[in-house]
Structure formats: structure tokens, C-alpha cells
Amino acid sequence: MSTKHSLLEVRNCSLRFGGIAALTDVSIKIEAGELLGLIGPNGAGKTSLFNILTGVYRPTEGEILFEGAHVAGLPSHAINTLGMARTFQNIRLFGSLDVGMNVRTSFIARLRNGLFNTVRRGRSFRSEEEEIQEEGRRLLSYFGLEHAALHPSRSLSYGDQRRLEIVRALATKPRLLLLDEPAAGMNPTEKEELKRLIALVRDEFGTAVLLVEHDMKVVMGICERLYVLDQGKVLASGTPAEIRANPKVITAYLGKDHGEVVG
Amino acid sequence: MFRSYHDRIKNPRLALAAGIALAALLQLCGGWIDPYTTQVILFASINVILAVSLNLIMGETGQFSLCHAAFMAVGAYSSAILTGKALPALLPHLAWTGTSWASQVTFLPVLFIAGLIAAFAGMIVGGPSLRLRGDYLAMVTLGFGEIIRVLLQNTNAVGGARGMEGILPATNLFWAIGFAAVTLYTMIALVRSTFGRGFQAVRDDEIAAAAMGINTTRFKITAFVIGAFFAGIAGALYAHAVEFISPEGFNFLRSFEIIVMVILGGLGRPVGVAVAAILITLLNEWLRDLSQYRMVVYALIIILFMIFRPTEALGSFFRRFLPLKKGTETESGNASCNAS
């Protein structure tokens, strides 16, 4: 096993809830720094895949390797500490904390100062708080949210809340960022901005991105490679152009008879 | 509504020192305070410790706990055994009267040991039950509280249902007010930090907190352990203030009373909670004359408190005098004003 590992490798994973199969024999591979899309009709198992990747569920079968280490079934926080961060389809910000503090929570797992230093408020505690403050501010400014640092997170617009979720996930310093429908509820201008930001995440931070998205313009516009899920199985994979031309994908999305209509 | 981006407490140690100095001053120059008032101040301080420590569990971390009185009982009985039996047996030649220097000097370690034993109880109840949420956790903590009470009731070595009497009167204004100050400082300093925001993250959204690398179970157990530690100290102070403890004094109603203080003060607002604890202590005293109607009026006042929430406003009022700063950044400081 001395060869170079893929960043993430999902091997033959299945997830069943009783008799219902959410995922069947799914295998995908992500390389470091890649911008990967994951598409599929509603109920195809995209979010289920996210949930087994991030430890919300344990796959019924199969294994998940992150940088060569088995991560299937590890608790969420341990997976995050290894370098995989996510956002949520239904936004999950910390509602009672302001924007800046939402970002700061991502530093908790890597704090040098424990309970006693925190209560003592010594020099090492203060300098660490300053560092986190600076780092948080820098991340927020990348996403144009610096001015809102003291606003309650609930007061942000929908698009800003989604961007804050991305900042919060990025603050955990991931090597793989999983974005679950980041463009949902955004207007066309915001979507263009989002595309730019996702590219920026990859180029600036070197983070690989796995993007689940329904908006084909966004997915096709930025992803280098795509996986298509349908009914819990991998239907196809390839470059956006290949996927667009794939008859199986067209059938899955639009049904058999309409295949020709799509360009 | 919300706390600052930058959690800075101006001169935190100065605030703590001021609290302890006040405690020492009252103790040394408080000869004019009559015994009844002293007693009320002791109770108020003990209630502040209880309410502010429960606030960490319920208010900041969002874990519904119905066994705070049980942690208090563990502390009370542990310390009573220590000062009543263990210490006189270990150092028999010293005079143990409660007010003697020997009792006073050893009272601090006794308080700490009582707190640690209660913290251990907190870990025991916290460990397995924190995988449960909401109503289920409430049931488990309720059960734990009852187990402790029934255990004490049936243990003859600690007096069983009759309780323990003749406990040394070691608690004085210095210890009570001093520890109320220490508790309040610890809780505020803890929560107003990156680390401390983890408790609130767990409360707001456990799944998101875990996804951001926060070990939610550890945070919940930490909250229980710290909360129980201070409840244990409060129990020890209580035992050595009233000189008599019985299992009935630490029943479910006692836990409930502490919960009322936390809710009235505003969940997650330590200063408001402390004010509520003081007010409810005073309320209990004022209503003493009403004898059998006391609980009716008490309940009525609590309902009115719930509707009008004067303690939250009082909390914000008192917070001004504490050296807590909001929004220290110049530019973002303005933003905060606009936002609220």
C-alpha cells in the first residue's frame, strides 16, 4: 500500500434502511484538488452518499478510504478532523451565534488551550483567540462577509447564509469540501458569484470539492468530472460533455420518450 | 440579542478579585448584619452558584437536566462526612467548631473534594445518558435524582431518612459570596471564548456541530461535570450553613426550583440567572408569612415573571456594571449597532 492514495475512494458502498436501498454498490474516486460534481434526480441518493461520507450514517456494506485510511462508521467530528468538511442542503448554522462566532466554532477541534487556560485567560489563550479572530476575518473577507461578522447569522440573506456555511466548513481546513446544493434558493447573479467562489476555494485553498447540485448551469460550468446517481446506483461518470451526451442520463432525467428534445 | 464576535472580558481577574474582596469585606466588617439577613445572603449566594452552574448545562449546552439537587446532595453529604467524621478522626487534637481556624482552613479543600465527588457523579450520569436527547435525557436525570435521594434515605451511616445533624457551621459570608463570584466568573469566562462557544454550537445544532469537528458528547459531558462540580460546592456550603441535611431537602422540587431560576433569568444568560436566583431567594423569604398560601402566591408570581420577564431586563441592566465588552473592533463595532 505504498502507492499514492486517492484523496477519497468509496468502494462498493451500500446503504439500506430496512428493505429500502438508498445506495447500492456505489464506487467513486476523488483526487486531490479535483472539482467533482454529483448529480441525479430527486431521491437518487446524493444526500445519502454525503451522509455516509461524513459519518451521519454508517454504510451497510463497502468501505470508504480517505487518504488511504478507513473512515466508514467513524463519528462525524473525527471525520471532519481528518480533513473532510461539508455544508448542508437545509442550512444548519448556529442560530444564536453571530456570523463571526459561527466561523470560530470550526477552530474548536484544533484549540491548543483547554478548559483551564480558557477560564484563566492567560497570555497563550489571548494570543490564540487573536489568531482565530484574524483567520476567521480573512476567510470571511474572501466571501464578502466580513462586514457582517457581528450580525446574527439568522439575519443574513439566504444566499449569504449558504456562503457562511461554506466559510464555516472551510475554516476547519479540509482537503475535501462537500457542498450539498449550495445554489438552492439563489438568484442567477448569486449563482454566478457562487461558481466563482467554488473555483476560488479550489484554486486558493487547494481543496478538492464534491458538489451536489441540481442547477445544471452551475454543475456543468465548473465541474471537471461528474458522477450521475440514479436510484442509489452510479449511472454514469465522465466529463460534463460526455455526461450531456449520455443517453442513459437523459433517460433518467427526462424519461424515455423525451430523450431527443435535450440539447 | 447576540454576543460579540470578539469575546473579551476587560480585566477579568479584576472582576473576580472585586467579588472576593467584597466577600472578605462583608465577612470581616459585617458584624452589624443580623443573623437572619446573614442566613438570607448565604442562601442567595448558594442559589446563585446552583442556578449559574445549571445554566451551563441547560442554558448554554441545551441539555435538560432534572437532577441538579442530586449533585448538590452528593456535595452536601460528602462534605458533611468529611468535616463531621473524617477530619476529626484524622486530626483529633484540633478543635473542630466550624468557626475555629482549623475548620476554616480545611474548609476550602473540603469544598473542592465535595465538588470533585459531585463532578464524578455528573460524569456517571452524563456518560451514558448524553446519547439521549430531550425528553429521554430528562427522564434519565429525573431517575438519577430519585436514585440518589432513595440511596441516602436508606443508608443508615448517613442518618437515613432522619438526615445528618450537627454539621459544623463552617459556611460564612466569605465562602458563600466568594464562591458565587468564582462560579459566575468561571461560567462567563468559559462561555465567552472560542472553546466555550462549542457548548452553544451543540445546543443550536448537534449535527452541524459534529460536522465542524466538535466532539458533541465530550462537550455535553464537560458541561455536566462542571455543572455538577459547582452544584457539589453549593451543596457543601448549604450543609455547613444550615447544619442539618436530610434526603428530602434534595428532592425533585429542589431541582425544579433551580430550573425556574435558570428559565426566569434567561437561558444562557449567566448574569440574568444570578439575578433571578437572588430574587427567588428573597421571594421565598417574603412569602414565609403567608404560611399555607405561600406556594399559591409563589406560583402566581412565577407565572407573572414568565409573562413579563423582568429578570432578563434586570440582567442586562446589571451586565452594564460588569466589565464585559461587546464588539471591540472599531469598524465591526458599528456594524453591531446597526444589526441589533
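Sequence order as written defines residue numbering, which begins from 1 separately in each chain. Here the convention is simple: chains get letters from A, ligands get numbers from 1, in the order in which they are written. Totals for whole chains, interfaces and linings use all residues, but because this is a predicted model, local features are given only for residues with pLDDT of at least 70 and pairs of side-chain atoms are given and counted only at 80 or more.

**Describing the overall build of chain A**
Argument step 1. Runs of H or I in DSSP of at least four residues are treated as helices and runs of E of at least two as strands, each being numbered from the N terminus. A tally of helices and strands in chain A yields ten helices and ten strands.
Argument step 2. Relative to a compact globule of 263 residues, whose C-alpha radius of gyration would be 18 Å, chain A shows 19 Å and is just as compact.
Argument step 3. With C-beta atoms placed from the backbone, a residue is labelled by how many other C-beta atoms lie within 10 Å of its own: buried for 20 or more, exposed for 12 or fewer, partly exposed between the two. The 263 residues of chain A split such that 46% are buried.
Argument step 4. Of all intrachain contacts in chain A linking residues separated by at least 6 positions in sequence, the fraction that spans at least 24 positions is 64%. It is over C-alpha atoms that the radius of gyration is taken, and the globule rule equals 2.2 Å times the number of residues to the power 0.38. Think of it this way: build a C-beta for each residue from its backbone, and any pair within 7 Å is a contact.

**Section: the overall build of chain B**
Argument step 1. When you go through chain B residue by residue, the secondary structure sums to 14 helices and four strands.
Argument step 2. Within the span of chain B, comprising 340 residues, buried residues form 51% of the whole.
Argument step 3. Taking all contacts inside chain B whose residues are at least 6 apart in sequence as the whole, residues at least 24 apart take part in 83%.

**A few points about the pairing of strand β10 (residues 233–238) of chain A**
Argument step 1. One bridge is not enough; two strands pair if DSSP finds at least two bridges between them. In this structure, strand β9 (residues 225–230) of chain A lies alongside β10 of chain A, joined through five bridges in antiparallel fashion. Bridging from a neighbouring strand, Val228 of chain A pairs with Ala236 of chain A of β10 of chain A.

**What to know about helix α12 (residues 294–308) of chain B**
Residue and element names in this part refer to chain B.
Argument step 1. Expected span, for any helix, means 1.5 Å times one less than how many residues it has. Helix length check: α12 (15 residues) gives 21 Å between terminal C-alpha atoms against 21 Å at 1.5 Å per residue, within 8%.
Argument step 2. Burial within α12 is sparse, with just one of its 15 residues counted as buried.
Argument step 3. Of the residues one or two after α12, Arg309 is the one with positive phi, at around 45°.

**Brief notes about the environment of His151 of chain A**
All names here are of chain A.
Argument step 1. As for its placement among the helices and strands, His151 is situated in the loop between α5 (123–142) and α6 (158–170).
Argument step 2. Under the C-beta neighbour-count criterion, His151 is labelled buried, with 23 such atoms within 10 Å.
Argument step 3. Distance in space between the C-alpha atoms of His151 and Val99 is 5.9 Å, their sequence separation being 52 residues.

**Concerning the sheet that holds strand β7 (residues 176–180) of chain A**
Residues and elements named next belong to chain A.
Argument step 1. Here six strands make up an open sheet; going across it, the order is β6-β7-β8-β3-β9-β10 and the pairing mixed. The open sheet terminates on both sides in strands that have one partner only, identified here as β6 (84–86) and β10. Mean inter-strand twist for the sheet, computed between neighbouring axes without regard to direction, equals 20°.
Argument step 2. All axes are obtained by fitting lines to C-alpha atoms, using only the stretch in contact for helices, and the reported angles, taken between N-to-C directions, cover 0 to 180 degrees. Across the face of the sheet, helix α7 (residues 188–205) comes into contact with β3 (35–39), β7 and β8 (208–212) while running at roughly 155° to β8.

**What about the confidence of the model for chain B?**
All names here are of chain B.
Argument step 1. Here chain B averages 85 in pLDDT, while 87% of its residues score no lower than 70.
Argument step 2. A score from 0 to 100, pLDDT tells how confident the predictor is in each residue. Every residue in residues 1–5 is under pLDDT 50, and counting partners more than four places away or in other chains gives 18 contacts.
Argument step 3. Low confidence marks residues 325–340, where pLDDT is under 50. Its contacts with residues over four positions away, or in another chain, come to 27 contacts.
Argument step 4. Across the assembled chains, the prediction reports ipTM 0.89 with pTM 0.88.

**Considering the interface of chain B and chain A**
Accessible area lost upon the coming together of the parts serves often as the stated size of an interface.
Argument step 1. Taken together, the contact between chain B and chain A spans 34 residues of the former and 38 residues of the latter.
Argument step 2. Secondary-structure elements contributing two or more residues to the side of chain B that touches chain A are α6 (173–191), α7 (194–204), α8 (206–211) and α14 (330–339) of chain B.
Argument step 3. The leading source of residues in the side of chain B that touches chain A is α7 of chain B, at eight residues.
Argument step 4. For this classification, the nonpolar set comprises Ala, Val, Leu, Ile, Met, Phe, Trp, Tyr, Cys and Pro, the charged set comprises Asp, Glu, Lys and Arg, and every other residue, Gly included, is treated as polar. Split by residue class, the side of chain B that touches chain A holds 16 nonpolar, 14 polar and four charged.

**Thoughts on the sheet that holds strand β2 (residues 20–30) of chain A**
Residue and element names in this part refer to chain A.
Argument step 1. Spatially, four strands are ordered β2-β1-β4-β5 in an open sheet, and the strand pairing comes out antiparallel. The open sheet is flanked by β2 and β5 (69–70), the only strands paired with a single partner.
Argument step 2. Running at roughly 70° to β2, helix α1 (residues 46–53) makes contact with β1 (8–17), β2 and β4 (61–66) of the sheet.

**Overview of helix α3 (residues 68–90) of chain B**
Note on helix geometry: an α-helix contains 3.6 residues per turn, so any two residues three or four positions apart are oriented the same way.
Argument step 1. Between the first and last C-alpha of α3 of chain B there are 31 Å, a value that for 23 residues agrees with the 33 Å anticipated at 1.5 Å per step.
Argument step 2. In α3 of chain B, a bend of some 40° at Leu82 of chain B exceeds every other bend along the element. What is called the bend at a residue is the angle between a pair of axes, fitted to the seven residues leading up to and ending at it and to the seven starting from it.

**Some points on unusual backbone geometry**
Argument step 1. Backbone geometry at Lys173 of chain A places phi at a positive 55°, although glycine is not the residue there.
Argument step 2. Residue Lys173 of chain A is classed as partly exposed on the basis of its 18 C-beta neighbours within 10 Å.
Argument step 3. Positive phi, close to 65°, is recorded for Glu243 of chain B, a residue that is not glycine.
Argument step 4. Tracing the backbone through its elements, the reader meets Glu243 of chain B in the loop between α9 (216–242) and β3 (244–245).
Argument step 5. What makes Glu243 of chain B partly exposed here is the crowd of 16 C-beta atoms within 10 Å.

**Comments concerning the packing of α6 of chain B against α9 of chain B**
Residues and elements named next belong to chain B.
Argument step 1. The contact between α6 and α9 brings their axes to 11 Å, and the two run at 170°. Compared by their axis directions, α6 and α9 come out roughly antiparallel. Contacts between α6 and α9 pair Trp175, Ala176, Phe179 and Thr183 from the former with Phe230, Ile233 and Leu237 from the latter.
Argument step 2. Classifying every residue of the contact of α6 with α9 gives six nonpolar, one polar and no charged. Oblique is the label for any angle not covered by the other classes, which are roughly parallel (under 35 degrees), roughly antiparallel (over 145) and roughly perpendicular (65 to 115).

**Comments concerning the packing of α3 of chain B against α9 of chain B**
Residues and elements named next belong to chain B.
Argument step 1. Viewed as axis vectors pointing N to C, α3 and α9 meet at an angle of 55°, and their least axial separation amounts to 6 Å. The orientation of α3 with respect to α9, classified from their angle, is oblique. Here α3 and α9 pass one another in a crossing that is right-handed. Across from His68, Phe71, Met72, Ala73, Val74, Gly75, Ala76, Ser79, Ala80 and Thr83 in α3, the residues of α9 making contact are Ala228, Ala231, Gly232, Ile233, Ala234, Gly235, Ala236, Tyr238, Ala239 and His240.
Argument step 2. Here the contact of α3 with α9 is built from residues that sort into 13 nonpolar, seven polar and no charged. Should the near helix be turned anticlockwise from the far one by less than a right angle, the crossing is left-handed, and should it be turned clockwise, the crossing is right-handed.

**Structural notes on the pairing of β3 of chain A**
Successive residues of a regular strand alternate their side chains across the two faces of the sheet.
Residues and elements named next belong to chain A.
Argument step 1. Of all five residues that make up β3, four are buried, and the element is covered over most of its length.
Argument step 2. As defined by bridge partners, β3 adjoins β8 across four bridges and the pair is classed as parallel. Each bridged residue has a counterpart across the sheet, and for Leu38 the counterpart in β8 is Val212.
Argument step 3. Pairing of β3 with β9, which is carried by four bridges, proceeds in the parallel orientation. Along β9, the bridge assignment pairs Leu38 with Tyr227.

**A word on the environment of Ala69 of chain A**
Argument step 1. Within the secondary structure, Ala69 of chain A is located in strand β5.
Argument step 2. With 13 residues separating them along the chain, Ala69 of chain A and Leu82 of chain A place their C-alpha atoms 9.4 Å apart.

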